[in-house]
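Report on the structure
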There are 2 protein chains.
Amino acid sequence: MRADAEKNRSQILTVAREVVTEHGADVSMRDIARRAGVGLATLLRHFPTREALFEALLCTDLDALTQKAAELERSTSADEALLSWFRKLVEFTQSYRGVVAMMAAAHTNPDSALYASCAAVHSAGARLLLHAQREGTARADMNGDDLFALITALGWAVDQPSFAPRADHLVHLVTDVILTNPPGNDFMKATP
Amino acid sequence: MRADAEKNRSQILTVAREVVTEHGADVSMRDIARRAGVGLATLLRHFPTREALFEALLCTDLDALTQKAAELERSTSADEALLSWFRKLVEFTQSYRGVVAMMAAAHTNPDSALYASCAAVHSAGARLLLHAQREGTARADMNGDDLFALITALGWAVDQPSFAPRADHLVHLVTDVILTNPPGNDFMKATP
DNA sequence: ACCTGAACACCGTTCAAGT
DNA sequence: ACCTGAACACCGTTCAAGT
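The text that follows walks through the structure, step by step, so that each part is easy to find.

Things to note about the protein's contact with DNA strand C
Around DNA strand C sit 21 residues, and of these Asn8(A), Thr42(A), Arg45(A), Ser28(B) and Arg30(B) come closest. Per the 4 Å cut-off to the protein, sugar and phosphate atoms form 58% of the nearby atoms of DNA strand C. Residue Asn8(A) places a side-chain N or O atom 2.3 Å away from a phosphate oxygen belonging to DNA strand C. In this structure, a phosphate oxygen belonging to DNA strand C sits 3.4 Å away from a side-chain N or O atom of His46(A). A per-class count over the surface near DNA strand C returns nine nonpolar, five polar and seven charged.

Considering the protein's contact with DNA strand D
Around DNA strand D, the surrounding shell holds 21 residues, and the nearest of these are Ser28(A), Arg30(A), Arg50(A), Asn8(B) and Arg45(B). Atoms of DNA strand D within 4 Å of the protein: sugar and phosphate make up 60%, bases the balance. Contact between DNA strand D and Ser28(A): a phosphate oxygen at 2.7 Å from a side-chain N or O atom of the residue. At a separation of 2.6 Å, a base nitrogen of DNA strand D approaches a polar side-chain atom of Arg30(A).

Topic: helix α2 (residues 29–36) of chain B
All names here are of chain B. Those residues of α2 that fall on the buried side of the exposure criterion are Met-29, Ile-32, Ala-33 and Ala-36. Seen from one end, α2 has its buried residues packed into an arc of 95°, which puts them on one side. The exposed residues of α2 that point more than 90 degrees off its buried face are Arg-30 and Arg-34. With its phi angle positive at about 75°, Gly-37 sits one or two positions after the end of α2.

Considering helix α1 (residues 3–23) of chain B
Residue pairs spaced three or four apart in an α-helix point in one direction, given the helix's 3.6 residues per turn. All names here are of chain B. Along its 21 residues, α1 runs 30 Å from first to last C-alpha, staying within 8% of the 30 Å computed at 1.5 Å per residue. Looking only at α1, the buried set comprises Ala-5, Ile-12, Leu-13, Val-15, Ala-16, Val-19 and Val-20. The secondary structure elements touched by the buried residues of α1 are α2, α3 (40–46) and α4 (50–75). Remark: Gly-24 follows α1 within two positions and exhibits a positive phi of approximately 85°.

Notes on the state of the cysteines
The term disulfide refers to a covalent linkage connecting the sulfur atoms of a pair of cysteines. Residue and element names in this part refer to chain A. Tallied over the entire structure, the rule returns zero disulfides over all chains. This cysteine, Cys-118, is not joined by any disulfide, and Cys-59 carries the nearest cysteine sulfur, 12 Å off. Looking at Cys-118, the relative accessible area reads 0%, which means it is buried.

Quick notes on the interface of chain A and chain B
Between chain A and chain B, the contact holds 39 residues from the first and 38 residues from the second. Across the chain A/chain B interface, buried area totals approximately 3300 Å², and carbon plus sulfur atoms make up 69% of it. Three residues stand out in chain A for area buried against chain B, namely Asp141(A), Trp156(A) and Phe163(A), and they jointly supply 19% of the buried area on that side. If you look at where chain A meets chain B, you find four salt bridges. For Arg166(B), the salt bridge goes to Asp146(A), with nearest N and O atoms at 2.5 Å. There are ten residue pairs in polar contact (both at pLDDT 80 or more) connecting chain A and chain B.

Description of the relation of the copies chain A and chain B
Each copy superposes on the other: chain A lies on chain B with an RMSD of 0.0 Å after a rotation of 180° and an axial shift of 0.0 Å. Both copies of the chain, as the preceding transformation shows, are related through a two-fold rotation axis. Looking at chain A, 97% of its interface residues are interface residues in chain B too, so the copies touch through the same face.

Describing the nonpolar core
Counting 134 residues, the largest nonpolar core has Phe54(A), Trp85(A), Ile178(A), Phe54(B), Trp85(B) and Ile178(B) as the members making the most contacts within it. The residues touching Trp85(A), leaving out its near neighbours within four places in the chain, are Leu65(A), Lys68(A), Ala69(A), Leu72(A), Val121(A), Ala124(A), Gly125(A), Leu128(A) and Ile151(A).

Remarks on the pattern of salt bridges
All names here are of chain A. Counted under the stated rule, the structure contains 18 salt bridges over all chains. Among the ionic pairs, Asp-4 bridges to Arg-2, the shortest N-O distance being 2.9 Å. The partner of Arg-35 in a salt bridge is Glu-18, with the nearest N and O atoms 3.6 Å apart. Here the residue Arg-35 occupies a position in helix α2 (residues 29–36), and Glu-18 occupies one in helix α1 (residues 3–23), the gap between them amounting to 17 residues. Under the relative-accessibility criterion, Glu-18 is labelled partly exposed at 44%.

Cut-offs used in this document
- Residues numbered from 1 in each chain as written.
- Chains lettered and ligands numbered in written order.
- Predicted model: local features only at pLDDT ≥ 70, side-chain atom pairs only at ≥ 80, totals over all residues.
- Heavy atoms only, no water.
- Near = heavy atom within 4 Å.
- Polar contact = N/O pair within 3.5 Å; in protein donor to acceptor, adjacent residues only side chain to side chain.
- Nonpolar A, V, L, I, M, F, W, Y, C, P; charged D, E, K, R; others polar.
- Buried < 20%, exposed > 50% of the residue type's maximum accessible area, 1.4 Å probe, protein only.
- Helix = DSSP H or I, 4+ residues; strand = E, 2+ residues; numbered from the N terminus.
- Arc of directions from axis to C-beta.
- Expected span 1.5 Å × (residues − 1).
- Contact = heavy atoms within 4.5 Å.
- Disulfide = S-S within 2.5 Å.
- Buried area = accessible area lost by both parts, 1.4 Å probe.
- Salt bridge = Lys/Arg side-chain N within 4 Å of Asp/Glu carboxyl O.
- Least-squares fit on C-alpha atoms with pLDDT ≥ 70 in both.
- Core = buried A, V, L, I, M, F, W, Y, C linked by side-chain atoms within 4.5 Å.

The values are spatial; any link to function lies outside them.
So this is what it looks like as structure tokens:
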């Protein structure tokens, strides 16, 4: 890549991170190009689609998540690994507003620039689930798709301003359903 | 309202129902106006926003849902009432693609044309939950917001093509978390 | 090679001009 | 009263023209 092209590319990525952090994943590509000081056409040749841009923005974090899954699998018990990875992933979905919806859409069509990363995260989660199921600490009537659906659904809900305040509690509720013997399962005595 | 205006209004509603059923809630207002054979400006004066249009499209069903809650509260046990109303509501969210996201957004801002209906549904659900909690059949550490969040999150997930096939099972998983003593809770023996 | 402005077909909003 | 076409400011896509 030519030097000026490389400079444009990194400039775009830096600015995109700022703009998206501020205005969410649905911000117009034109705005990003404007704030990066390049033509819209230039932005679109570096990143032909919005998802291509986000693939570049997220790949580091997504790779870290798949790696984290393997790491947790080694270091702790299967149920704890699943639980804390679940939390990590939900937390990740909050990195930018609207990014969960994009990932869920990408998960559907293999042509998306985000498809590969999503698939990797998906199977990393499926592994953790399977492991916990073999030990009997995760409920047996679930598969990787269910896990991914619950995580993204949760991420989407927490994305909504009206549900955000209950975020931690909602995570707690949903993780409860996954583990057969959740830690501190004393909700009968708890109060809202 | 003048006779021709009334005719336009009902024509718009009929056509909108068709178009939205086919293309989802995000279809362009222009398309609806086009297929209804009226100018775009006409459509927009009858329904100034997309949400105003949907309020008209959904109000019958939404009213039915709030009424159904009261009906169930009388006719069956608190946990069964909560459970079957939950299912009804999730089912309703599938009436048009993308309608859940709109309702969740409407739930946030009181200026939305859909706000009132959403609030009514919300409090109907909260009542059912409270009733079941008093009997000890629904977990105590939940409130109406959590219930609404779980339902819409589930509706959103089922809206995604990749998660749709697991819809019934996902509903089963999430309802399990709400009831303290779910019916047929034998998931340890079940297989995916 | 790489960048860019402009043309294009779309969107929802607004309003002056028609009946 | 009600309807409508058109102008407007936006969007993402595409491409011929520039360096």
